[in-house]
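One-letter residues, chain by chain:
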Amino acid sequence: MTDLFEASGIHPPDAPLADRLRPRTLDEVVGQDHLLGEAGPIRRMVEAGRLGSMILWGPPGTGKTTIARLLAQASGYQFQQISAVFSGVADLKKAFEAARMRCAAGQSTLLFVDEIHRFNRAQQDGFLPFVEEGIVTLVGATTENPSFELNGALLSRSQVFVLKRLDDEALNQLLIRAEAQEEKPLPLTPEARQALLALADGDGRYLLTLSEVLFGLEPAEPLDVQALAGILQKRAPAYDKSREEHYNLISALHKSVRGSDPDAALYWLARMLNGGEDPLYLARRIVRMAVEDIGEADPLSLLVANAAKDAYDFLGSPEGELALAQAVVHLATAPKSVGVYEAFKAAKRAAAETGSLMPPAHIRNPPTKLMKSLGYGKGYQYDPDTPEGFSGANFFPDGMDRRTFYAPRGEGHEAKVRERLERWAALRAKMQADDGSSAEPLP
């Protein structure tokens, strides 16, 4: 329910600056033109006079609560807000009952649920009948990926709109409004003003909170970057090791290495370390990159990745983090090949299909006379002792045709490997032709 201050558009004199600058119309919301601009989907809903239930997903301080309030105002709905942090089943029942009474009186209700992802699955299911009957138009706000945190049934009845973190242009608009509200400029040099925008990290509310501190100062000279840093504490980056941001950033790091971009890879590595990620988790992922994306194109990469893990174990933070950085640069600049990765997947599929076939007799070990009498080891050639150092024997199971799993494309070290494989394939074909059999050459 709105209080008297909100209803009149007047804010208490001691209200925080962010509250006093809260937009009064959708046109005043900054940074979300893709949703609220002329062609934006939320704007079209308002103009059509029909609001649908929706989930507003975005970082903190991007306007989720404000948009919900303004939607109710613009559409003539009664705004009712609950928070999943402080509300339980009893609060939900009261909210739905009040909405049902309004509905009977011809008044629509916009029920805004802040941090909706904090409700458990059963509580989320409780919204469904009231949304389906049109008793409430649900607007949920979340900082977490709805795909992971919300019921599929609830998502199927709502549209998900993604709010963007505020860019420098949008943040600067907020500063200009704040200066107009306070009737004085921020006491900052141009460089310090830019540093303040960076410190806000896309969060408009946080930017205005910092600005309010600065407006309370009366320095003799505008503050420079160093003076600003001394006054305002650096904000911890938005990063949750157990949720979607974790997976987004590790994906960015892995794909930057795979894409041979050491600069981007170092940036994402630094972002994760600054966010408090476990360096040994990163070390494990770096080892995976070495075997998955580089493989035989640069066998040294696996040694470098393992050595980086050992170095971090030995040195700890922050010195050991440099070893991880070195490994990331080495992997990003190494030649890439998925030859071994793809070969092993293909071999596993073949093994699943032919898992009961026995090795050919000539490569079975004959530790007993009985085994020798059964032909175990008969005709086996010790390859290093042959003239070519290669016997050309068949090592696949009897009853299984020869298959090619590993087919290097010739990048880095694999160029030499491919030459050897092609030479051996030609020798095998010649030897088997001499024996009256056939062989499949390397593609």
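Keep in mind the model is a prediction, meaning the values are calculated, not measured.

Asker: Talk me through the overall build of the chain; I want residue IDs and the actual numbers.
Answerer: What the chain contains, in helices and strands, is 22 helices and five strands. Its C-alpha atoms give the chain a radius of gyration of 33 Å, more than 25% over the compact-globule value 22 Å for 443 residues. In terms of overall dimensions, the chain has a C-alpha envelope of 100 × 60 × 40 Å along the principal axes. Among the 443 residues that make up the chain, the fraction classed as buried is 40%. For the chain, the proportion of contacts with a sequence separation of at least 24, taken over those separated by at least 6, is 72%. Element-wise, carbon and sulfur atoms account for 54% of the exposed surface of the chain, whose accessible area totals about 24200 Å². Both charge centroids of the chain, one from 49 positive and one from 60 negative side chains, sit 7 Å from each other.

Asker: Explain the environment of Ala105 residue by residue, including any values.
Answerer: Secondary-structure assignment places Ala105 in the loop between helix H6 (89–104) and strand E3 (109–114). Taking the C-alpha atoms as reference points, Ala105 and Gly295, 190 residues apart in sequence, are found 69 Å from one another.

Asker: Run through the UniProt feature "domain: AAA+ ATPase" (unreviewed entry) in the chain, naming residues and quoting values.
Answerer: Using the residue numbers shown here, the UniProt feature "domain: AAA+ ATPase" (unreviewed entry) corresponds to residues 50–166. With 40% helix and 22% strand, residues 50–166 has its two end C-alpha atoms placed 28 Å apart.

Asker: Report on a negative patch on the surface, specifying residues and quantitative values.
Answerer: Where like charges cluster on the molecular surface, the negative patch consists of Asp33, Asp167, Asp168 and Glu169. As for its position among the elements, Asp168 is in helix H11 (residues 168–182).

Asker: Give a detailed account of unusual backbone geometry, specifying residues and quantitative values.
Answerer: Among all residues except glycine, the phi angle is most often negative; among peptide bonds, the trans geometry is most common. Omega for the peptide link from Ser317 to Pro318 comes to 0°, which places this bond in the cis form. Mapping Pro318 onto the fold places it in the loop between helix H18 (300–315) and helix H19 (319–333). Even without a glycine there, the phi angle at Ser260 is positive, about 60°. When you line up the elements, Ser260 lands in the loop between helix H15 (244–258) and helix H16 (262–274). Residue class for Ser260 comes out partly exposed when judged on its relative accessible area of 39%.

Asker: Kindly report on helix H4 (residues 41–48), identifying the contributing residues and their values.
Answerer: Those residues of H4 that sit buried are Ile42, Arg43, Met45 and Val46. Seen from one end, H4 has its buried residues packed into an arc of 155°, which puts them on one side. In H4, the exposed residues that point more than 90 degrees away from the buried face are Glu47 and Ala48. For H4, the secondary structure elements touched by its buried residues are helix H3 (33–36), strand E1 (54–57), helix H5 (64–75) and strand E5 (159–162). One or two positions beyond H4, positive phi appears at Gly49, with a value near 75°.

Asker: Got a sec to walk through the pattern of salt bridges? Specific residues and values, please.
Answerer: Considering all chains together, one arrives at 16 salt bridges under this definition. Of the charged contacts in the structure, one is a salt bridge between Glu182 and Arg20, with a shortest N-O distance of 3.1 Å. Of the two residues, Glu182 sits in helix H11 while Arg20 sits in helix H2 (residues 17–20), which places them 162 residues apart along the sequence. We classify Glu182 as partly exposed; its relative accessible area is 25%. In this structure, the salt-bridge partner of Arg165 is Asp201, at a minimum N-O distance of 2.9 Å. Of the two residues, Arg165 sits in the loop between E5 and H11 while Asp201 sits in the loop between helix H12 (190–200) and helix H13 (204–215), which places them 36 residues apart along the sequence. With relative accessibility at 34%, the residue Asp201 sits in the partly exposed group.

Asker: Explain the sheet that holds strand E2 (residues 78–83) to me, using residue names and the numbers behind them.
Answerer: With parallel pairing, five strands are arranged side by side in an open sheet as E2-E3-E4-E1-E5. Edge positions in the open sheet fall to E2 and E5, since each of these has one partner strand only. When the angles between neighbouring strand axes are averaged without regard to direction, this sheet yields 20°. Judged from the four bridges that link them, E1 and strand E4 (residues 137–142) form a sheet pairing that is parallel. In the strand pairing of E4, Ile55 is matched with Gly140. Docked against the sheet, H5 engages E1, E2, E3 and E4, running at close to 175° with respect to E3. Those strands touched by H6 are E2 and E3, and its axis lies near 170° from that of E2.

Asker: Talk me through the side chain of Gln124; I want residue IDs and the actual numbers.
Answerer: You can see Gln124 is positioned in helix H7 (residues 121–125). Under the relative-accessibility criterion, Gln124 is labelled buried at 1%. With residues up to four places along the chain from it excluded, the contact list for Gln124 reads Ile116, His117, Phe119, Glu149, Leu150, Asn151 and Leu154.

Asker: Report on the domain arrangement of the chain, specifying residues and quantitative values.
Answerer: Taken as a whole, the chain is organised into domain 1 (32–162), domain 2 (243–336) and domain 3 (355–435). Taken over C-alpha atoms, the centre of domain 1 sits 41 Å from the centre of domain 2.

Parameters and conventions
- Residues numbered from 1 in each chain as written.
- Predicted model: local features only at pLDDT ≥ 70, side-chain atom pairs only at ≥ 80, totals over all residues.
- Heavy atoms only, no water.
- Helix = DSSP H or I, 4+ residues; strand = E, 2+ residues; numbered from the N terminus.
- Rg over C-alpha atoms; globule rule 2.2 N^0.38 Å.
- Buried < 20%, exposed > 50% of the residue type's maximum accessible area, 1.4 Å probe, protein only.
- Contact = heavy atoms within 4.5 Å.
- Areas by Shrake-Rupley, 256 points an atom, 1.4 Å probe, with all protein chains shown as cover.
- Lys, Arg positive; Asp, Glu negative; His and termini not counted.
- Charge placed at Lys NZ, Arg CZ, Asp CG, Glu CD.
- UniProt positions renumbered as here; feature names shortened; annotations may be inferred.
- Patch = residues over 30% accessible without salt bridge, like charges linked within 9 Å, V, L, I, M, F, W, Y side chains within 5 Å.
- Salt bridge = Lys/Arg side-chain N within 4 Å of Asp/Glu carboxyl O.
- Arc of directions from axis to C-beta.
- Pairing = 2+ DSSP bridges.
- Axes fitted to C-alpha atoms, helices over the stretch in contact; angles between N-to-C directions.
- Domains from an automatic or database assignment.

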